[in-house]
Amino acid sequence: MGIVGGGPGGLTLARVLATRGIPFTVFELDEHALSRPQGGSLDLHGDSGLRALREAGLEAEFKAVARYDDQGDALYDAQGTLHFQHNEASNGDRPEIDRSQLRDLLLASLPSERIRWGSKVSAVEPLPDGRHRVVGPEGTLGEFDLVVGADGAWSRIRPLVSQETPAFTGVLFIELQIDDVDTRHPAIAKLLPHGKLSVVGNNRGLIAQRSSHGHVRAYFMFRVSEAQLREGLVDTSSPPRAREQLKALLPGWAPSLLAFIDASNDTIVSRPIVALPVGHRWTHRPGVTLLGDAAHVMSPFSGEGVNMAMLDGLELGLALAADSDWSRAVAGYEAAMFERAAEAAEGARQGLDFVSEHALEHVLEHFREMQQAAGPA
């Protein structure tokens with residue numbers, strides 16, 4: 001089997017296959033595991049991401065690095081008024097882990113020879129015998145009975161089964177990073193609970209989230225048109241200019257919140273939020289399937305993206321191990337995945353209301369519901 005993409009979903013599938021004695025090859029574009037930053041902190045959910053790690057035999061390794069106390073929330077308005085705070089650890093169903101730690105954990109569980117680093121996949125071609133050839137710029141990378149596209153939002157495998165492409169949701173993130181927050185920026189650290197801080201403004205917002213080792217990622221969010229997106233909201237090529245432009249886009253925001261901008265390092269990234277249509281599905285095609293963002297990329301507001309990807313990897317791997325008819329196994333996996341992904345994607349679509357004109361009451365209700373669902377700590 002060929003797995004295109006070495007993110008959490010593809011590596012979860014690889015781990016399940018490895019423990020069931022099914023051979024595979026993962027093709028990953030990165031030259032090595034540390035060739036680029038992997039992103040911020042992830043919360044894994046009990047019935048999806050955590051279940052995948054448990055059934056893949058990696059629960060102990062996860063617990064060794066997970067942050068069970070980093071599940072707090074604080075909600076402010078743009079003027080710096082606190083509307084909601086929950087600092088206690090939850091009952092353990094959504095612990096945090098850095099994305100890089102999760103990837104390292106999965107990679108360490110796999111035979112190194114099964115990972116083909118620096119492999120750019122340019123095409124997947126059907127063969128007369130029903131298999132598929134994975135092709136790179138310099139020729140054939142391999143031929144497989146099944147090719148799984150785990151290669152993200154802009155998947156090169158998706159066109160084999162679907163003509164849909166992700167569309168801009170109207171929300172743009174400007175991502176900032178703050179180093180050593182507790183030592184170098186104690187005022188910001190005091191605002192930020194063990195977990196994340198959210199700010200709701202008029203078609204603007206902020207989510208700041210702790211990772212390990214005192215690192216913080218802050219995402220300033222804006223409703224923008226496609227024309228504004230093309231023009232660029234801030235000049236990310238010049239960090240000082242970008243900071244000034246960003247503050248100018250936030251009139252009336254409290255100085256305590258704008259301090260996140262002043263404290264940031266020079267890594268500033270513009271991230272348009274895209275999504276596939278809610279309910280995206282395709283007609284089953286033997287020999288090819290998708291998982292994770294390749295199948296159902298959605299906005300990050302529901303926190304379901306990585307969890308759905310890992311659950312996809314688990315359920316696809318279990319289906320293949322249980323049924324020698326791989327086409328039938330994949331069709332069953334797809335049918336179940338379409339249903340649960342549609343529900344998650346609808347929640348993520350509704351979450352875009354976080355960046356809206358009248359978001360405060362909506363977001364407050366969401367936080368209260370989450371607290372009630374968590375129950376006593």
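Further up the page is the structure itself.
Note that the structure is predicted; figures quoted are calculated from it, not measured.

(A) Highlighting the overall build of the protein. Within the protein one finds 13 helices and 17 strands. Counting only C-alpha atoms and orienting by the principal axes, one finds that the protein spans roughly 65 × 45 × 35 Å. In the protein, which comprises 377 residues, the share counted as buried stands at 54%. Summarising the internal contacts of the protein: among those between residues at least 6 apart in sequence, 71% fall at separations of at least 24.

(B) Focus on the sheet that holds strand 11 (residues 147-149). Taken together, five strands build an open sheet; the order of strands is 7-2-1-11-17 and the sheet is parallel. Only two strands of the sheet have a single partner each, and these edge strands are strand 7 (115-116) and strand 17 (288-290).

(C) Representation of the sheet that holds strand 8 (residues 123-126) in the model. Across the sheet, which stays open at both edges, the three strands sit in the order 8-9-10 with antiparallel pairing between neighbours. The open sheet is flanked by strand 8 and strand 10 (139-144), the only strands paired with a single partner. Ignoring strand direction, the axes of neighbouring strands in this sheet form an average angle of 25°. Across four bridges, the pairing between strand 8 and strand 9 (residues 132-136) is antiparallel. In the sheet register, alanine 123 faces strand 9, and the bridge partner there is valine 135.

(D) Spotlight on the nonpolar core. Core analysis: the biggest nonpolar cluster contains 62 residues, and Met1, Ile3, Leu44, Leu53 and Leu102 have the highest contact counts within it. The element contributing the most residues to this core is helix 12 (residues 326-351), with nine residues. Setting aside residues up to four positions removed in sequence, leucine 102 forms contacts with Pro8, Leu42, Leu44, Leu53, Ile97, Val306 and Met310. One finds Val181, Leu258, Phe260 and Ile261 within the second-largest nonpolar core, a separate group that totals 35 residues.

(E) Local environment of the packing of helix 1 (residues 8-19) against helix 4 (residues 99-108). The geometry of helix 1 relative to helix 4 is characterised by a closest axis approach of 9 Å and an angle of 25° between their N-to-C directions. It follows from the interaxial angle that helix 1 and helix 4 lie roughly parallel. For the pair helix 1 and helix 4, the crossing hand works out as left-handed. In contact with Pro8, Leu11 and Thr12 of helix 1, helix 4 contributes Arg99, Leu102, Arg103, Leu106 and Leu107. Considered class by class, the residues forming the contact of helix 1 with helix 4 number five nonpolar, one polar and two charged.

(F) Structural view of unusual backbone geometry. For asparagine 203, which is not glycine, the phi torsion reads 60° and is therefore positive. Looking at the secondary structure, you find asparagine 203 in the loop between strand 13 (195-200) and strand 14 (204-210). The phi dihedral of histidine 213 is positive, around 60°, even though this residue is not glycine. Assignment of secondary structure puts histidine 213 in the loop between strand 14 and strand 15 (216-223). In this structure histidine 213 comes out as exposed when scored by relative accessible area, which is 76%.

Reading the values: the criteria
- Residues numbered from 1 in each chain as written.
- Predicted model: local features only at pLDDT ≥ 70, side-chain atom pairs only at ≥ 80, totals over all residues.
- Heavy atoms only, no water.
- Helix = DSSP H or I, 4+ residues; strand = E, 2+ residues; numbered from the N terminus.
- Buried < 20%, exposed > 50% of the residue type's maximum accessible area, 1.4 Å probe, protein only.
- Contact = heavy atoms within 4.5 Å.
- Pairing = 2+ DSSP bridges.
- Axes fitted to C-alpha atoms, helices over the stretch in contact; angles between N-to-C directions.
- Core = buried A, V, L, I, M, F, W, Y, C linked by side-chain atoms within 4.5 Å.
- Parallel < 35°, antiparallel > 145°, perpendicular 65-115°, else oblique.
- Left-handed = near helix turned anticlockwise from the far one by under 90°.
- Nonpolar A, V, L, I, M, F, W, Y, C, P; charged D, E, K, R; others polar.

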